[in-house]
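Remarks on the overall topology
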Amino acid sequence: MQLTRIAQAVLLSLFASHAGAATLESTRTTIAEQAQKLEPELLETRRDIHAHPELGNTEKRTAELVAKQLKAMGLDVKTGVARTGVVAVLKGALPGPTVALRADMDALPVKEVSDLPFASKAKGTYLDKEVDVMHACGHDAHTAILLSTAKILTGMRDTLPGTVVFYFQPAEEGPSDFIPDGKNTWGAKMMIEEGVMKSPKPDAVFGLHVWAGVPAGQIAYRPGATLASSDDLRIKILGKQTHAGRPWDGIDPITVGAQTIVGLQTVVSRRTDISSYPSVVSIGTINGGTRYNIIPESVDMTGTIRSYDYGIRQKLHADVRQTVEKIAESGGAKADVTIIEKYDPTINNPALTEKMLPTLKWAAKDDVVNAPLVGGAEDFSFYAKEVPGLFVFLGVTPRDQDMSKAAPNHNPGFFVDESALVVGVRTLASLATDYLYANAGTGK
């Protein structure tokens, strides 16, 4: 038994060191050839999903399409994960680590303005209201890319050293059927709560996001903090209603609210260390009052808090509470402050990012750039909090356009140059295989 284990270890070592270069080269050649071959199918799938978008937690048609294709590949498929998610497992014939690849499936309550033949005309229900629905953030592209990636990797099963898990996740943009209250979960967090990262447990997780304003086919990446955390801020200022001609008989929550908005701007500008990472506190809505000559009983405000560091995030929360409550107290009012943590900051593992940089350069044919910090949030952050993760951006704006004028993600005019999607397939497929071959015979 002892000799057998030693012999196995020696063979695996030889496989990893001597055959590694040849295996890497031949694997990449296969990925490139298959990605190009699958491009018509890739585009057909993307256009089908684009024409039939579904909001968070309602992705039933999309999930059925995904599951059908995965089952046709002969994969072990589980449906109904985190309500409408799909998870598939590909076990390679050789021993090795486990990697996870993630795509999100949901769309947004946005009306598409393009004249594409497959433009969305779909309607959906968002918080009990009928709305137009569009894949205005490119999740249709993510889903199609990962399906093609799964097909390529499945075809390499006999030489694959390890396991690949495919996460097709719902509700990345948030739920469409309820307002987050800090108690209910959705999307990636719910996927994790239901055990997708336990059996099998990945050693690394990879994902990508198509991005406007970046040339089609270019990959942008960033080690460490990459996308912001996102926390809902809800404030109720409680005053005392009175006639507007006799303000001294009441407590004016509108005046206190105005002072609160100004005061909140000092939380970042005067109380937060922004020498390492920026932070944002913004108020987006103000509601109060019913008539021009009545000082109302209360004013409601909502906003968002964004940061890139866990310590800074918690300090921001404390400073926001103190600022709002003390300003209200100074005006004789009371303040009820609710902060709901929605998404963590997305942090790319620095060591993993450095190791996979050659892979990104191969996939994008050396068209790789450093990404700036992004003020948006991503629930890929929850996967990357469990195991080392890498999340990159894939440019989808036509190269002959002015990048600064491209309609951004979440805009009705958001546009995907489909020539970039093959690069996305090469990226996810090679990230998975390069990691598996580099760690062949291990569990890491």
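Residues numbered from 1 in each chain as written. Predicted model: local features only at pLDDT ≥ 70, side-chain atom pairs only at ≥ 80, totals over all residues. Heavy atoms only, no water.

Description of the overall build of the chain
Summing up its helical and strand segments, the chain has 11 helices and 18 strands in all. In terms of overall dimensions, the chain has a C-alpha envelope of 90 × 55 × 40 Å along the principal axes. Every one of the 444 residues in the chain was classed for burial, and the buried ones make up 53%. Summarising the internal contacts of the chain: among those between residues at least 6 apart in sequence, 83% fall at separations of at least 24. (Helix = DSSP H or I, 4+ residues; strand = E, 2+ residues; numbered from the N terminus. Buried < 20%, exposed > 50% of the residue type's maximum accessible area, 1.4 Å probe, protein only. Contact = heavy atoms within 4.5 Å.)

Digging into unusual backbone geometry
The residue after Ser-199, namely Pro-200, is reached through a cis peptide bond having omega 0°. Note that Pro-200 resides in the loop between α6 (187–193) and β7 (204–215). You will see that Arg-83, though not glycine, has its phi angle at about 85°, which is positive. Relative to the helices and strands, Arg-83 is located in the loop between β1 (76–81) and β2 (85–91).

Describing a nonpolar patch on the surface
Where nonpolar side chains cluster on the molecular surface, the patch consists of Tyr-126, Leu-127 and Ile-179 and spans about 250 Å² of accessible area. Structurally, the position occupied by Leu-127 is in the loop between β4 (123–126) and β5 (129–132). (Patch = residues over 30% accessible without salt bridge, like charges linked within 9 Å, V, L, I, M, F, W, Y side chains within 5 Å. Areas by Shrake-Rupley, 256 points an atom, 1.4 Å probe, with all protein chains shown as cover. Salt bridge = Lys/Arg side-chain N within 4 Å of Asp/Glu carboxyl O.)

Brief notes about the UniProt feature "domain: Peptidase M20 dimerisation" (unreviewed entry) in the chain
This chain's UniProt record puts "domain: Peptidase M20 dimerisation" (unreviewed entry) on residues 233–329. Spanning residues 233–329, this segment combines 40% helix with 28% strand, and its end C-alpha atoms are found 19 Å apart. (UniProt positions renumbered as here; feature names shortened; annotations may be inferred.)

What to know about the pattern of salt bridges
Tallied over the entire structure, the rule returns 22 salt bridges. A salt bridge links Lys-385 to Asp-344, with the shortest nitrogen-to-oxygen separation between them at 3.1 Å. Taken together, the residues Lys-385 in helix α10 (residues 380–386) and Asp-344 in the loop between β15 (334–343) and β16 (346–348) connect sequence positions 41 residues apart. Of the residues examined, Lys-385 reaches a relative accessible area of 51% and is grouped as exposed. On the basis of relative accessibility, which here comes to 7%, the residue Asp-344 falls in the buried class. What you see here is one network of salt bridges that share partners, running through Arg-46, Arg-47, Asp-140 and Glu-418.

Observations concerning the pairing of β2
Of all 7 residues in β2, 6 are buried, a share of seventy percent or more. Of the strand pairs in this sheet, β1 and β2 are connected by 5 bridges, and their pairing is antiparallel. Bridge pairing links Val-77 to Ala-88 in β2. Between β1 and the antiparallel strand that follows it, β2, lie 3 residues; Ala-82 among them carries a positive phi value of about 50°. For β2 and strand β6 (residues 161–169), the ladder comprises 6 bridges, and the chain directions are antiparallel. Directly across from Val-87, in β6, lies its bridge partner Tyr-167. (Pairing = 2+ DSSP bridges.)

With respect to the sheet that holds strand β18 (residues 389–397)
Strand order across the open sheet formed by 8 strands is β1-β2-β6-β3-β7-β18-β8-β17, with mixed pairing between neighbours. Pairing within the sheet leaves two strands with one partner each, and these edge strands are β1 and β17 (368–370). Neighbouring strand axes in the sheet, compared pairwise and without regard to direction, differ in orientation by 25° on average. Pairing of strand β8 (residues 219–221) with β17, which is carried by 3 bridges, proceeds in the parallel orientation. (Axes fitted to C-alpha atoms, helices over the stretch in contact; angles between N-to-C directions.)

As for the packing of helix α7 (residues 253–271) against helix α8 (residues 310–330)
Orientation of α7 relative to α8, taken along the N-to-C sense of each, is 145°, at an axis distance of 9 Å. Seen along the crossing, α7 lies across α8 with a hand that is right-handed. Contacts between α7 and α8 pair Val-256, Gln-259, Thr-260, Gly-263, Leu-264, Val-267, Val-268 and Arg-271 from the former with Lys-315, Leu-316, Asp-319, Val-320, Gln-322, Thr-323, Val-324, Ile-327 and Ala-328 from the latter. Split into classes, the residues belonging to the contact of α7 with α8 amount to 9 nonpolar, 5 polar and 3 charged. (Left-handed = near helix turned anticlockwise from the far one by under 90°. Nonpolar A, V, L, I, M, F, W, Y, C, P; charged D, E, K, R; others polar.)

Comments concerning the environment of Ala-188
Looking at the secondary structure, you find Ala-188 in helix α6. Accessibility expressed as a relative area gives 0% for Ala-188, which makes it buried. Separated by 191 residues in sequence, Ala-188 and Asp-379 have C-alpha atoms that sit 5.8 Å apart. Once you skip the residues sitting within four places of it in the chain, Ala-188 turns out to touch Gln-169, Asp-379, Phe-382 and Tyr-383.

Considering the sheet that holds strand β10 (residues 230–238)
Within a sheet, neighbouring strands are paired by backbone hydrogen bonds and run either parallel or antiparallel to one another. Across the sheet, 4 strands lie side by side as β12-β14-β10-β15; this open sheet has antiparallel pairing. Of all the strands in the sheet, just β12 (280–287) and β15 have a single pairing partner and so form its edges. Geometrically, the sheet is characterised by an average inter-axis angle of 20° between neighbouring strands, direction not taken into account. In this structure, β10 lies alongside strand β14 (residues 298–306), joined through 8 bridges in antiparallel fashion. Bridging from a neighbouring strand, Ile-237 pairs with Val-299 of β14.

Examining the packing of aromatic side chains
Geometrically, a pair of aromatic rings is defined through the distance of the ring centres and the angle of the planes. Using the criterion set out here, one finds 10 aromatic pairs in the structure. Ring plane angle 25° and centroid distance 5.3 Å describe the contact between Tyr-167 and Tyr-383, whose orientation is recorded as stacked. Taken together, the positions of Tyr-167 in strand β6 and Tyr-383 in helix α10 put the pair 216 residues apart, joining distant regions of the chain. Judged by relative accessible area, Tyr-167 falls into the buried class, the value being 0%. Given the relative accessible area of 0%, Tyr-383 is considered buried. Each ring, one from Phe-206 and one from Tyr-435, has its centre 6.2 Å from the other, and the planes form 70°; the classification is edge-to-face. Linking Phe-206 in strand β7 with Tyr-435 in helix α11 (residues 421–438), this pair joins segments that are 229 residues apart in sequence. You'll find Phe-206 and Tyr-435 in the same group, each marked buried. (Phe/Tyr/Trp six-rings, centres within 6.5 Å; stacked < 30°, edge-to-face > 60°.)

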